[in-house]
Amino acid sequence: MSFPRDRLRRLRRSETLRRMVRENKLSCDDFILPLFVVEGSGLREPIVSMPGVYRFSLDQIVDEAKRVADLGVPAVILFGIPGQKDARGSGADAEDGITQRAVSAIKAGVPDLCVMTDVCLCEYTDHGHCGIVDQGRVLNDPSVERLAQTALSHARAGADVVAPSDMMDGRVAAIRHILDDHDFDDIPIMSYAAKYSSAFYGPFRDAAESTPQFGDRRAYQMDPPNRREALREMQLDLDEGADVLMIKPALAYLDIVADARSNFDVPIAAYHVSGEYSMIHAAAERGWIDGERAMEEALMCIKRAGADLILSYAAAEVAARLDS
Ligand code: PBG
(Lines give C-alpha, C1' and ligand atoms only; values in the text may rest on other atoms or scores of the structure.)
Protein backbone atom coordinates (compact mmCIF):
# COMPACT_ATOMS: atom_id res chain seq x y z
CA MET A 1 0.00 0.00 0.00
CA SER A 2 1.07 3.54 -0.53
CA PHE A 3 -0.30 7.04 -0.85
CA PRO A 4 -2.98 8.13 -0.04
CA ARG A 5 -3.14 5.60 2.80
CA ASP A 6 0.49 6.07 3.72
CA ARG A 7 1.41 9.60 4.67
CA LEU A 8 4.82 9.91 6.29
CA ARG A 9 4.05 13.50 7.21
CA ARG A 10 1.65 12.24 9.92
CA LEU A 11 4.50 11.54 12.28
CA ARG A 12 6.12 14.89 11.57
CA ARG A 13 3.14 16.96 12.62
CA SER A 14 4.34 18.19 15.95
CA GLU A 15 7.62 18.53 17.77
CA THR A 16 6.35 16.03 20.33
CA LEU A 17 5.72 13.39 17.68
CA ARG A 18 9.01 14.15 16.01
CA ARG A 19 10.77 13.76 19.33
CA MET A 20 9.13 10.39 19.88
CA VAL A 21 10.15 8.87 16.56
CA ARG A 22 13.57 10.48 16.32
CA GLU A 23 16.12 7.79 15.53
CA ASN A 24 19.22 9.47 16.88
CA LYS A 25 20.01 12.00 19.55
CA LEU A 26 23.19 13.93 20.19
CA SER A 27 24.47 13.67 23.72
CA CYS A 28 27.38 15.27 25.55
CA ASP A 29 28.68 11.72 25.98
CA ASP A 30 29.38 11.55 22.26
CA PHE A 31 31.92 14.34 22.32
CA ILE A 32 35.68 14.69 22.52
CA LEU A 33 36.98 18.26 22.48
CA PRO A 34 40.40 18.98 20.93
CA LEU A 35 42.51 21.43 22.96
CA PHE A 36 45.72 23.19 21.94
CA VAL A 37 48.37 23.85 24.54
CA VAL A 38 51.36 26.21 24.17
CA GLU A 39 54.36 27.23 26.26
CA GLY A 40 54.07 30.43 28.28
CA SER A 41 51.69 31.67 30.90
CA GLY A 42 48.46 33.57 31.02
CA LEU A 43 47.84 32.80 27.34
CA ARG A 44 44.49 32.28 25.72
CA GLU A 45 45.34 33.07 22.11
CA PRO A 46 42.47 33.09 19.64
CA ILE A 47 43.13 31.10 16.47
CA VAL A 48 42.14 33.41 13.66
CA SER A 49 41.09 30.69 11.25
CA MET A 50 39.06 28.85 13.91
CA PRO A 51 36.61 31.24 15.60
CA GLY A 52 35.97 30.28 19.23
CA VAL A 53 39.09 28.08 19.45
CA TYR A 54 42.15 29.11 21.49
CA ARG A 55 45.66 28.07 22.27
CA PHE A 56 46.01 27.86 26.03
CA SER A 57 49.12 28.02 28.16
CA LEU A 58 49.42 25.41 30.91
CA ASP A 59 48.01 27.59 33.65
CA GLN A 60 44.94 28.39 31.56
CA ILE A 61 44.23 24.97 30.14
CA VAL A 62 43.23 23.46 33.47
CA ASP A 63 40.49 26.07 33.89
CA GLU A 64 39.33 25.38 30.37
CA ALA A 65 39.31 21.63 31.07
CA LYS A 66 37.19 22.27 34.19
CA ARG A 67 34.74 24.37 32.22
CA VAL A 68 34.45 21.68 29.56
CA ALA A 69 33.94 18.91 32.12
CA ASP A 70 31.27 21.00 33.87
CA LEU A 71 29.41 21.22 30.56
CA GLY A 72 29.26 17.42 30.54
CA VAL A 73 31.88 16.75 27.86
CA PRO A 74 33.59 13.53 28.98
CA ALA A 75 36.89 13.85 27.11
CA VAL A 76 39.48 16.16 25.60
CA ILE A 77 42.27 15.36 23.16
CA LEU A 78 45.45 17.37 23.58
CA PHE A 79 47.65 18.86 20.88
CA GLY A 80 50.89 20.29 22.21
CA ILE A 81 52.79 23.05 20.45
CA PRO A 82 56.37 23.05 21.74
CA GLY A 83 58.61 26.09 22.09
CA GLN A 84 61.31 24.44 20.00
CA LYS A 85 61.23 22.06 17.09
CA ASP A 86 63.94 19.91 15.55
CA ALA A 87 64.36 17.28 12.85
CA ARG A 88 63.52 14.28 15.04
CA GLY A 89 60.74 15.95 17.00
CA SER A 90 62.56 15.66 20.33
CA GLY A 91 59.80 17.50 22.15
CA ALA A 92 57.26 14.81 21.28
CA ASP A 93 58.47 12.28 23.85
CA ALA A 94 60.26 14.60 26.29
CA GLU A 95 59.31 13.80 29.87
CA ASP A 96 58.80 17.50 30.53
CA GLY A 97 57.33 18.21 27.09
CA ILE A 98 54.39 20.54 26.69
CA THR A 99 51.85 17.76 26.15
CA GLN A 100 53.18 15.66 29.03
CA ARG A 101 52.95 18.62 31.42
CA ALA A 102 49.47 19.47 30.19
CA VAL A 103 48.28 15.89 30.73
CA SER A 104 49.58 15.87 34.31
CA ALA A 105 48.14 19.27 35.08
CA ILE A 106 44.70 18.42 33.75
CA LYS A 107 44.61 15.01 35.42
CA ALA A 108 45.58 16.65 38.71
CA GLY A 109 42.97 19.40 38.40
CA VAL A 110 40.08 17.51 36.75
CA PRO A 111 40.66 13.81 37.51
CA ASP A 112 37.40 12.53 36.05
CA LEU A 113 37.90 14.13 32.67
CA CYS A 114 39.20 11.60 30.14
CA VAL A 115 42.45 13.01 28.78
CA MET A 116 43.45 11.71 25.37
CA THR A 117 46.59 12.67 23.49
CA ASP A 118 47.25 13.02 19.80
CA VAL A 119 50.38 10.97 19.14
CA CYS A 120 52.25 12.47 16.21
CA LEU A 121 55.52 14.18 15.40
CA CYS A 122 54.34 16.95 13.06
CA GLU A 123 53.90 19.59 15.77
CA TYR A 124 57.41 18.84 17.04
CA THR A 125 59.46 18.54 13.85
CA ASP A 126 61.01 21.57 12.18
CA HIS A 127 60.07 20.17 8.76
CA GLY A 128 56.45 19.66 9.84
CA HIS A 129 56.16 16.05 8.70
CA CYS A 130 54.63 13.36 10.89
CA GLY A 131 57.81 11.26 10.98
CA ILE A 132 61.55 11.10 10.48
CA VAL A 133 62.67 12.53 7.15
CA ASP A 134 65.65 11.41 5.11
CA GLN A 135 66.44 12.95 1.72
CA GLY A 136 62.93 14.25 1.34
CA ARG A 137 61.23 10.96 2.26
CA VAL A 138 59.33 10.19 5.44
CA LEU A 139 60.80 6.95 6.75
CA ASN A 140 58.29 4.51 8.17
CA ASP A 141 60.06 2.29 10.68
CA PRO A 142 62.26 4.90 12.39
CA SER A 143 59.16 7.09 12.71
CA VAL A 144 57.23 4.25 14.33
CA GLU A 145 59.92 3.96 16.97
CA ARG A 146 59.64 7.66 17.81
CA LEU A 147 55.86 7.45 17.88
CA ALA A 148 55.91 4.50 20.26
CA GLN A 149 58.21 6.41 22.60
CA THR A 150 55.87 9.39 22.37
CA ALA A 151 52.81 7.29 23.26
CA LEU A 152 54.71 5.81 26.21
CA SER A 153 55.67 9.25 27.49
CA HIS A 154 52.01 10.33 27.30
CA ALA A 155 50.93 7.26 29.26
CA ARG A 156 53.62 7.98 31.86
CA ALA A 157 52.28 11.51 32.19
CA GLY A 158 48.85 10.07 32.94
CA ALA A 159 47.02 10.03 29.59
CA ASP A 160 43.87 7.92 29.67
CA VAL A 161 43.88 7.13 25.93
CA VAL A 162 46.54 7.57 23.24
CA ALA A 163 45.55 8.40 19.68
CA PRO A 164 48.18 7.97 16.95
CA SER A 165 47.47 10.23 13.97
CA ASP A 166 50.61 9.84 11.87
CA MET A 167 49.46 7.09 9.45
CA MET A 168 52.75 5.17 9.53
CA ASP A 169 52.35 1.43 8.96
CA GLY A 170 52.67 -0.76 12.04
CA ARG A 171 52.47 2.01 14.61
CA VAL A 172 49.49 0.61 16.48
CA ALA A 173 51.29 -2.69 17.10
CA ALA A 174 54.44 -0.87 18.18
CA ILE A 175 52.48 1.35 20.58
CA ARG A 176 50.55 -1.62 22.01
CA HIS A 177 53.84 -3.48 22.62
CA ILE A 178 55.65 -0.63 24.29
CA LEU A 179 52.66 0.19 26.50
CA ASP A 180 52.23 -3.45 27.52
CA ASP A 181 55.95 -3.80 28.23
CA HIS A 182 55.74 -0.88 30.65
CA ASP A 183 52.65 -1.92 32.58
CA PHE A 184 50.27 0.24 30.62
CA ASP A 185 48.27 -2.70 29.30
CA ASP A 186 45.10 -0.94 30.46
CA ILE A 187 45.60 2.18 28.30
CA PRO A 188 43.41 2.07 25.17
CA ILE A 189 44.56 3.08 21.69
CA MET A 190 42.20 5.13 19.58
CA SER A 191 43.80 4.95 16.16
CA TYR A 192 43.30 7.48 13.43
CA ALA A 193 42.79 4.41 11.25
CA ALA A 194 41.38 5.92 8.06
CA LYS A 195 42.94 9.34 7.94
CA TYR A 196 42.85 10.98 4.56
CA SER A 197 45.19 13.50 3.03
CA SER A 198 42.64 16.29 3.19
CA ALA A 199 42.42 19.96 2.34
CA PHE A 200 40.07 20.31 5.31
CA TYR A 201 43.00 20.32 7.77
CA GLY A 202 44.09 23.81 6.71
CA PRO A 203 43.05 25.80 9.80
CA PHE A 204 44.49 23.15 12.17
CA ARG A 205 47.92 23.48 10.62
CA ASP A 206 47.85 27.21 11.39
CA ALA A 207 46.75 26.46 14.91
CA ALA A 208 49.36 23.78 15.53
CA GLU A 209 52.08 25.33 13.34
CA SER A 210 52.43 21.95 11.67
CA THR A 211 52.32 22.75 7.97
CA PRO A 212 54.90 20.63 6.13
CA GLN A 213 57.83 22.83 5.09
CA PHE A 214 58.21 20.85 1.85
CA GLY A 215 55.90 18.52 -0.03
CA ASP A 216 52.68 17.23 1.47
CA ARG A 217 51.37 14.23 3.39
CA ARG A 218 50.10 12.20 0.44
CA ALA A 219 52.79 9.56 0.80
CA TYR A 220 51.40 8.49 4.18
CA GLN A 221 47.84 9.75 4.63
CA MET A 222 45.13 8.08 2.55
CA ASP A 223 44.11 9.15 -0.92
CA PRO A 224 40.59 10.67 -0.71
CA PRO A 225 39.12 8.68 -3.63
CA ASN A 226 39.73 5.36 -1.85
CA ARG A 227 36.97 3.58 0.02
CA ARG A 228 37.90 -0.11 0.10
CA GLU A 229 41.39 0.74 1.28
CA ALA A 230 39.89 2.31 4.40
CA LEU A 231 38.53 -1.08 5.42
CA ARG A 232 42.01 -2.57 5.07
CA GLU A 233 43.50 0.22 7.18
CA MET A 234 40.88 -0.32 9.86
CA GLN A 235 41.23 -4.11 9.83
CA LEU A 236 45.00 -3.83 10.17
CA ASP A 237 44.74 -1.42 13.07
CA LEU A 238 42.27 -3.73 14.80
CA ASP A 239 44.58 -6.69 14.26
CA GLU A 240 47.42 -4.63 15.71
CA GLY A 241 45.43 -3.89 18.83
CA ALA A 242 43.43 -0.70 18.30
CA ASP A 243 40.51 -0.32 20.72
CA VAL A 244 38.71 2.47 18.87
CA LEU A 245 38.85 3.18 15.13
CA MET A 246 38.71 6.74 13.90
CA ILE A 247 37.79 8.15 10.51
CA LYS A 248 38.99 11.59 9.55
CA PRO A 249 37.68 13.96 8.22
CA ALA A 250 34.05 13.22 9.01
CA LEU A 251 31.49 15.00 6.86
CA ALA A 252 32.88 14.32 3.41
CA TYR A 253 33.69 10.77 4.53
CA LEU A 254 30.40 9.56 5.99
CA ASP A 255 30.42 6.59 3.63
CA ILE A 256 33.60 5.45 5.38
CA VAL A 257 32.01 6.00 8.80
CA ALA A 258 29.01 3.90 7.72
CA ASP A 259 31.31 1.18 6.33
CA ALA A 260 33.22 1.13 9.59
CA ARG A 261 30.00 0.84 11.59
CA SER A 262 28.72 -2.09 9.55
CA ASN A 263 32.02 -3.98 9.41
CA PHE A 264 33.45 -3.66 12.91
CA ASP A 265 32.04 -4.04 16.38
CA VAL A 266 34.46 -1.72 18.13
CA PRO A 267 33.59 1.89 18.95
CA ILE A 268 33.90 4.13 15.90
CA ALA A 269 35.08 7.71 16.19
CA ALA A 270 34.92 10.44 13.56
CA TYR A 271 36.88 13.69 13.55
CA HIS A 272 34.90 16.74 12.48
CA VAL A 273 38.06 18.57 11.47
CA SER A 274 39.15 22.18 11.56
CA GLY A 275 38.10 23.04 8.00
CA GLU A 276 34.66 21.52 8.52
CA TYR A 277 34.24 23.57 11.69
CA SER A 278 35.59 26.82 10.28
CA MET A 279 33.52 26.69 7.10
CA ILE A 280 30.35 26.71 9.16
CA HIS A 281 31.59 29.64 11.24
CA ALA A 282 32.70 31.56 8.16
CA ALA A 283 29.36 31.15 6.40
CA ALA A 284 27.49 32.03 9.60
CA GLU A 285 29.56 35.20 10.05
CA ARG A 286 28.40 36.30 6.62
CA GLY A 287 24.84 35.56 7.55
CA TRP A 288 24.59 32.86 4.93
CA ILE A 289 23.60 30.03 7.24
CA ASP A 290 22.38 29.58 10.79
CA GLY A 291 25.68 28.53 12.36
CA GLU A 292 24.25 26.90 15.47
CA ARG A 293 21.79 24.79 13.57
CA ALA A 294 24.29 23.86 10.89
CA MET A 295 26.84 22.80 13.50
CA GLU A 296 24.37 20.60 15.34
CA GLU A 297 23.10 19.13 12.10
CA ALA A 298 26.64 18.29 11.01
CA LEU A 299 27.41 16.54 14.30
CA MET A 300 24.05 14.78 14.33
CA CYS A 301 24.64 13.41 10.83
CA ILE A 302 28.08 12.14 11.79
CA LYS A 303 26.38 10.22 14.57
CA ARG A 304 23.62 8.97 12.27
CA ALA A 305 26.25 7.60 9.89
CA GLY A 306 27.49 5.40 12.72
CA ALA A 307 30.00 7.28 14.86
CA ASP A 308 29.91 6.56 18.60
CA LEU A 309 32.41 9.30 19.34
CA ILE A 310 32.75 12.67 17.65
CA LEU A 311 35.84 14.82 17.91
CA SER A 312 34.77 18.39 17.34
CA TYR A 313 35.91 21.91 18.13
CA ALA A 314 32.23 22.67 18.65
CA ALA A 315 31.87 20.04 21.40
CA ALA A 316 31.71 22.53 24.27
CA GLU A 317 29.46 25.08 22.59
CA VAL A 318 27.03 22.37 21.46
CA ALA A 319 27.15 20.56 24.82
CA ALA A 320 26.15 23.84 26.47
CA ARG A 321 23.00 23.87 24.32
CA LEU A 322 22.02 20.20 24.72
CA ASP A 323 19.48 19.42 27.37
CA SER A 324 21.18 16.26 28.64
C1 PBG B 1 48.41 15.40 12.88
C2 PBG B 1 47.01 15.85 12.98
C3 PBG B 1 46.37 16.71 12.10
C4 PBG B 1 45.06 16.84 12.56
C5 PBG B 1 44.95 16.08 13.71
N6 PBG B 1 46.16 15.45 13.94
C7 PBG B 1 46.88 17.47 10.96
C8 PBG B 1 47.40 16.83 9.76
O9 PBG B 1 47.38 15.61 9.59
O10 PBG B 1 47.89 17.58 8.94
C11 PBG B 1 44.03 17.67 11.88
C12 PBG B 1 42.89 18.08 12.71
C13 PBG B 1 42.02 19.13 12.11
O14 PBG B 1 42.16 19.57 10.96
O15 PBG B 1 41.12 19.53 12.84
N16 PBG B 1 49.05 15.37 14.08
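Look up: the structure comes first, before these words.
Residues numbered from 1 in each chain as written. Predicted model: local features only at pLDDT ≥ 70, side-chain atom pairs only at ≥ 80, totals over all residues. Heavy atoms only, no water.

Undergrad: In this structure, what is going on with the overall build of the protein? I would like to understand it.
TA: Looking only at helices and strands, the protein has 11 helices and 12 strands in total. Radius of gyration (C-alpha) of the protein: 20 Å, near the 20 Å computed for a compact globule of 324 residues. When its C-alpha atoms are laid out on the principal axes, the protein stretches across 70 × 45 × 40 Å. A burial count over the protein gives 52% of its 324 residues as buried. Within the protein, contacts between residues at least 6 apart in sequence are counted, and of these 74% link residues at least 24 apart. Within the protein, one finds 37 positive and 52 negative side-chain charges whose respective centroids are separated by 10 Å. (Helix = DSSP H or I, 4+ residues; strand = E, 2+ residues; numbered from the N terminus. Rg over C-alpha atoms; globule rule 2.2 N^0.38 Å. Buried < 20%, exposed > 50% of the residue type's maximum accessible area, 1.4 Å probe, protein only. Contact = heavy atoms within 4.5 Å. Lys, Arg positive; Asp, Glu negative; His and termini not counted. Charge placed at Lys NZ, Arg CZ, Asp CG, Glu CD.)

Undergrad: I would appreciate a short explanation of a nonpolar patch on the surface in the present structure.
TA: The grouping of Leu11, Met20 and Val21 at the surface amounts to a nonpolar patch, some 300 Å² of accessible area in total. Looking at the secondary structure, you find Val21 in helix H1 (residues 15-21). (Patch = residues over 30% accessible without salt bridge, like charges linked within 9 Å, V, L, I, M, F, W, Y side chains within 5 Å. Areas by Shrake-Rupley, 256 points an atom, 1.4 Å probe, with all protein chains shown as cover. Salt bridge = Lys/Arg side-chain N within 4 Å of Asp/Glu carboxyl O.)

Undergrad: Just to check I follow, could you spell out the side chain of Gln221 for this structure?
TA: Along the chain, Gln221 falls in the loop between helix H6 (202-208) and helix H7 (228-240). The contacts of Gln221, once residues within four sequence positions are left out, are Met167, Lys195, Tyr196, Ser197, Ser198, Tyr201 and Arg205.

Undergrad: Any chance you could explain the site of the ligand here in plain terms?
TA: Around the ligand, 17 residues are found, and the nearest of them are Lys195, Arg205, Lys248, Ser274 and Tyr313. The contact in question runs from a nitrogen atom of the ligand to an N or O atom on the side chain of Asp118, over 3.2 Å. Lys248 is positioned with one of its side-chain polar atoms (N or O) 3.3 Å from a nitrogen atom of the ligand. When its residues are assigned to classes, the shell around the ligand shows 8 nonpolar, 3 polar and 6 charged. (Near = heavy atom within 4 Å. Polar contact = N/O pair within 3.5 Å; in protein donor to acceptor, adjacent residues only side chain to side chain. Nonpolar A, V, L, I, M, F, W, Y, C, P; charged D, E, K, R; others polar.)

Undergrad: What is the right way to look at the nonpolar core in this model?
TA: Soluble, globular proteins show a tendency: their nonpolar side chains are buried together. Grouped together as the largest cluster of nonpolar side chains are 109 residues, with contacts concentrated most on Phe31, Phe36, Met190 and Met234. Ignoring anything within four residues of it in the chain, the contact list for Met234 reads Ala193, Ala194, Leu245, Ile247, Ile256, Ala260 and Phe264. (Core = buried A, V, L, I, M, F, W, Y, C linked by side-chain atoms within 4.5 Å.)

Undergrad: Would you mind showing me how to read helix H10 (residues 291-305) here?
TA: Because an α-helix completes one turn every 3.6 residues, residues spaced three or four positions apart along the sequence face the same direction. Between its terminal C-alpha atoms H10 stretches 21 Å, which fits the 21 Å expected from 15 residues at 1.5 Å a residue. Elements in contact with the buried residues of H10: strand S1 (31-38), helix H8 (254-263), strand S11 (268-272), helix H9 (274-285), strand S12 (309-312) and helix H11 (315-321). Taking the backbone nitrogen of Glu292 as reference, a side-chain oxygen 3.2 Å away marks Asp290 as the first, capping residue of H10. Just beyond H10, the residue with positive phi is Gly306, at close to 130 degrees. (Expected span 1.5 Å × (residues − 1).)

Undergrad: Which parts of the structure should I look at to understand the side chain of His281?
TA: Here His281 lies in helix H9. Given a relative accessible area of 18%, His281 falls into the buried group.

Undergrad: Explain the pairing of S11 here, please?
TA: Along any regular strand, the residues point their side chains to alternate faces of the sheet. Among the 5 residues in S11, 5 count as buried, and that is most of the element. Of the two faces of S11, the one holding Ile268, Ala270 and His272 and the one holding Ala269 and Tyr271 are both buried throughout. Crossover handedness for the path strand S10 (residues 244-248) to H8 to S11: right-handed. (Right-handed = clockwise from strand over helix to strand, strands pointing away.)

Undergrad: It is not clear to me how the pattern of salt bridges should be interpreted in this structure. Could you clarify?
TA: Any two side chains of opposite charge can pair, so long as their charged atoms come close to each other. The tally for this structure, following the rule as stated, stands at 20 salt bridges. Salt-bridge contacts for Asp243 lead to Arg176; the nearest nitrogen and oxygen are separated by 3.9 Å. Highlighted residues: Asp243 in the loop between H7 and S10 and Arg176 in helix H5 (residues 171-181), separated in sequence by 67 residues. The closest approach of N and O atoms between Arg227 and Asp255, which form a salt bridge, is 3.9 Å. Linking Arg227 in the loop between H6 and H7 with Asp255 in helix H8, this pair joins segments that are 28 residues apart in sequence. What makes Arg227 partly exposed here is its relative accessible area of 42%. Asp255 sits in the partly exposed class, given a relative accessible area of 31%.

Undergrad: Help me out: how do you make sense of unusual backbone geometry in this one?
TA: Most peptide bonds take the trans form, and the phi angle of most residues other than glycine is negative. Between Phe3 and Pro4 the backbone carries a cis peptide bond, its omega angle lying at 10 degrees. Mapped onto the fold, Pro4 is located in the segment before H1. With an omega dihedral of -10 degrees, the bond running from Lys248 to Pro249 counts as a cis peptide bond. Along the chain, Pro249 turns up in the loop between S10 and H8. Of note, Gln135 is a non-glycine position whose phi angle comes to about 50 degrees, a positive value. Owing to a relative accessible area of 77%, Gln135 belongs among the exposed residues under this scheme.

Undergrad: Help me understand the packing of aromatic side chains in this model?
TA: Geometry of an aromatic ring pair is reported as the spacing of the ring centres plus the angle between the planes. Under the definition given, this model contains 9 aromatic pairs. Aromatic pair Phe36 and Phe204: ring centres 5.5 Å apart, planes at 55 degrees, arrangement tilted. One end of the pair, Phe36, is in strand S1; the other, Phe204, is in helix H6, with 168 residues separating them in the sequence. For the pair Phe36 and Phe204, one class covers both residues: buried. Centre to centre, the rings of Tyr192 and Tyr271 are 6.1 Å apart; their planes meet at 40 degrees, and the pair counts as tilted. (Phe/Tyr/Trp six-rings, centres within 6.5 Å; stacked < 30°, edge-to-face > 60°.)

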